[in-house]
Amino acid sequence: MSEERATIYYDEDADRKAIENKTVAVLGYGSQGHAHAQNLDDSGINVVVGLREDSSSWDAAEDAGLAVATPAEAAAEADIVSVLVPDTVQPAVYEQIRDGLEAGDTLQFAHGFNIHYGQIEPPSDVDVTMIAPKSPGHLVRRNYEAGEGTPGLLAIYQDATGTAKAEALAYAQALGCARAGVVETTFREETETDLFGEQAVLCGGVTSLVKHGYETLVDAGYSPEMAYFECMNELKLIVDLMYEGGLAEMWNSVSDTAEYGGLTRGDQIVDEHARDRMEETLEAVQNGEFAREWVMENRAGRPSYTQRRQAEMNHDIESVGAELRELFAWSEEEAESEDEEQEQERMRAD
Ligand SMILES: NC(=O)C1=CN([C@@H]2O[C@H](COP(=O)(O)OP(=O)(O)OC[C@H]3O[C@@H](n4cnc5c(N)ncnc54)[C@H](OP(=O)(O)O)[C@@H]3O)[C@@H](O)[C@H]2O)C=CC1
Ligand SMILES: CC[C@](O)(C(C)=O)C(=O)O
Ligand SMILES: [Mg+2]
Ligand SMILES: [Mg+2]
């Protein structure tokens, strides 16, 4: 195991002067795009959102008080172009904006896929930076509004001006990430760890574990409802404990029986075989095999993606889960209105 620790930057390491007189074009108004555009705008930075002419998000961005233009117009006007459309469409959108890039401008990313795998080859006279929140975009916005931060990553691929890092730090500050901490990395490290993490653990690994657990119980004759609660619903509660206090808090919070059972059986299930598959998965990310596959899949119109996505939506756990979630008396909305009612009752009693 490597002992080398990453450098982490905070608000006090950033100087907003590095971007305060600049215009930031945020291309895309999806998960990350709306959060970057609104947070930067609220931080007093001049923002223009870049959207295709027929975009369904155009009104939403304008309703949020943001200037909107086409990607080409927005990029031409801006000093910093934050590329926040889906990874698979970034090369095509880049073709629309490349003529608007001037020497000394910045191309800013939230994930390194297209730079690292050579799908976008920027001119040598622009800075190429990354501020990548380690979180879905909606939380980046929610945390900012709550006065909190979202941890993020900072990477510099190309520093044509000599000020790329100062500018990236100021961007991270305006986005709210530097409130929580911005970890310095490289485009290569961010891209490869992000792809590995989402494939092996966060998205691929977890969903596979959940489905196998559910199917094992249902095939053994237990009710789908019981299997859903045990293998999917309760997962959030367990993950929340790990999020708050690491493995220790989770093990401390569950029963000794669960702890002994988990400690003795967990490694038998996700065993050396799974570890070997993880290493293969990492290798395919590192040697570009996964990237080539994904690029080709998109060029072919996404046949495998579409079929697998459909199969996932058709899995029994989805219909059982949807029915059960309808019944939850403790769904967020109801819990909120219950809280409000209780608060009002308390105030009446006072
Ligand atoms: N999702 C996340 O939370 C995270 C994402 N990232 C990275 O951030 C970047 C953005 O990802 P994400 O926010 O998920 O993207 P989204 O899928 O949410 O982006 C959707 C936006 O992109 C626009 N868009 C889609 N296709 C086109 C096109 N052909 N031309 C112009 N605009 C288009 C959409 O336009 P319209 O409104 O018109 O439909 C919409 O505004 C990626 O690099 C991703 O890897 C990094 C960390 C987390
Ligand atoms: C875990 C998925 C992610 O990498 C993310 C939200 O960080 C993504 O690409 O969406
Ligand atoms: Mg990620
Ligand atoms: Mg990702």
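Procedures and definitions
Residues numbered from 1 in each chain as written. Chains lettered and ligands numbered in written order. Predicted model: local features only at pLDDT ≥ 70, side-chain atom pairs only at ≥ 80, totals over all residues. Helix = DSSP H or I, 4+ residues; strand = E, 2+ residues; numbered from the N terminus. Buried ≥ 20, exposed ≤ 12 C-beta atoms within 10 Å, placed from the backbone. Contact = placed C-beta atoms within 7 Å. Near = placed C-beta within 6 Å. Nonpolar A, V, L, I, M, F, W, Y, C, P; charged D, E, K, R; others polar. Axes fitted to C-alpha atoms, helices over the stretch in contact; angles between N-to-C directions. Parallel < 35°, antiparallel > 145°, perpendicular 65-115°, else oblique. UniProt positions renumbered as here; feature names shortened; annotations may be inferred. Domains from an automatic or database assignment. Pairing = 2+ DSSP bridges. Core = buried A, V, L, I, M, F, W, Y, C linked by C-beta atoms within 7 Å. Right-handed = clockwise from strand over helix to strand, strands pointing away.

Visitor: Tell me about the overall build of the chain, residues and numbers included.
Guide: Scanning the chain for helices and strands turns up 18 helices and nine strands. Along the first, second and third principal axes, the C-alpha atoms of the chain reach 65 × 65 × 45 Å. Evaluated residue by residue, the chain yields a buried proportion of 30% over its 350 residues. Considering only contacts within the chain whose residues lie at least 6 apart along the sequence, 67% involve residues at least 24 apart.

Visitor: So, the site of ligand 2: which residues are in play, and what are the values?
Guide: The local shell around ligand 2 consists of Pro136, Asp194, Glu198, Leu202 and Cys203. Its residues placed into classes, the shell around ligand 2 shows three nonpolar, no polar and two charged.

Visitor: So what's going on with the packing of helix α10 (residues 187–202) against helix α11 (residues 204–219)? Residues and values would help.
Guide: As a packed pair, α10 and α11 sit with axes 3 Å apart at the nearest point and diverge in direction by 10°. With respect to each other, α10 and α11 are oriented roughly parallel. Contacts between α10 and α11 pair Glu198, Gln199, Ala200, Val201 and Leu202 from the former with Gly204, Gly205 and Val206 from the latter. Here the contact of α10 with α11 is built from residues that sort into four nonpolar, three polar and one charged.

Visitor: So what's going on with the UniProt feature "binding site: substrate" (unreviewed entry) in the chain? Which residues, and what values?
Guide: Annotation from UniProt places "binding site: substrate" (unreviewed entry) at Ser255. Of note, Ser255 is situated in the loop between α12 (224–253) and α13 (256–269).

Visitor: Please give an account of the site of ligand 1 that cites residues and values.
Guide: Neighbouring ligand 1 are 24 residues, the closest being Gly28, Gly30, Ser55, Ser57 and His111. When contributions to the shell around ligand 1 are tallied by element, the ones reaching two or more residues are α2 (31–42) and β7 (127–133). The element best represented in the shell around ligand 1 is α2, accounting for three residues. Along the lines of polarity and charge, the residues of the shell around ligand 1 split into 12 nonpolar, 10 polar and two charged.

Visitor: Kindly report on the domain arrangement of the chain, identifying the contributing residues and their values.
Guide: The domain boundaries assigned to the chain delineate domain 1 (10–185) and domain 2 (203–329). On a C-alpha basis, the centroid separation for the pair domain 1 and domain 2 is 32 Å. In this assembly, four residues from domain 1 lie in contact with four residues from domain 2. Across the side of domain 1 that touches domain 2, the residue classes break down as two nonpolar, two polar and no charged.

Visitor: How would you summarise the environment of Glu121 if you had to cite specific residues and measurements?
Guide: Considering the arrangement of structural elements, one finds Glu121 in the loop between α6 (113–116) and β7. Judged by C-beta crowding, with 11 C-beta atoms within 10 Å, Glu121 ranks as exposed. Placed 151 residues apart in sequence, Glu121 and Glu272 show a C-alpha to C-alpha distance of 39 Å.

Visitor: Give a detailed account of the sheet that holds strand β1 (residues 8–9), specifying residues and quantitative values.
Guide: The strand order across the open sheet built from nine strands is β1-β9-β8-β7-β6-β5-β2-β3-β4, with neighbouring strands paired in mixed fashion. Each of the sheet's edge strands pairs with one partner strand only, and the pair in question is β1 and β4 (67–69). Across four bridges, the pairing between strand β6 (residues 106–109) and β7 is parallel. Bridge pairing in β7 places Thr106 opposite Asp127. On the sheet, α10 packs against β7, β8 (152–158) and β9 (182–185) and is oriented at approximately 130° with respect to β8.

Visitor: Explain the nonpolar core residue by residue, including any values.
Guide: Counting 52 residues, the largest nonpolar core has Val49, Ile131, Leu154 and Ala172 as its most contacted members. The leading source of residues in this core is helix α8 (residues 164–175), at eight residues. If we ignore the near neighbours within four places in the chain, the residues touching Ala172 are Ala14, Ile131, Gly152, Leu154, Cys177, Ala178 and Val182. Of all hydrophobic cores here, the second largest spans six residues; its members include Tyr214, Ala227, Cys231 and Ile317.

Visitor: Could you give me a rundown of the pairing of strand β2 (residues 23–27), with the residues and numbers involved?
Guide: Counting buried positions along β2 gives four out of five residues, so the element sits mostly inside the fold. When β2 meets strand β3 (residues 46–50), the two strands line up parallel, connected through five bridges. Its bridge partner lying in β3, Val24 is registered against Val47. Considered for its hand, the β-α-β crossover made up of β2, α2 and β3 is right-handed. Sheet topology note: the β2/strand β5 (residues 80–83) ladder contains four bridges and is parallel.

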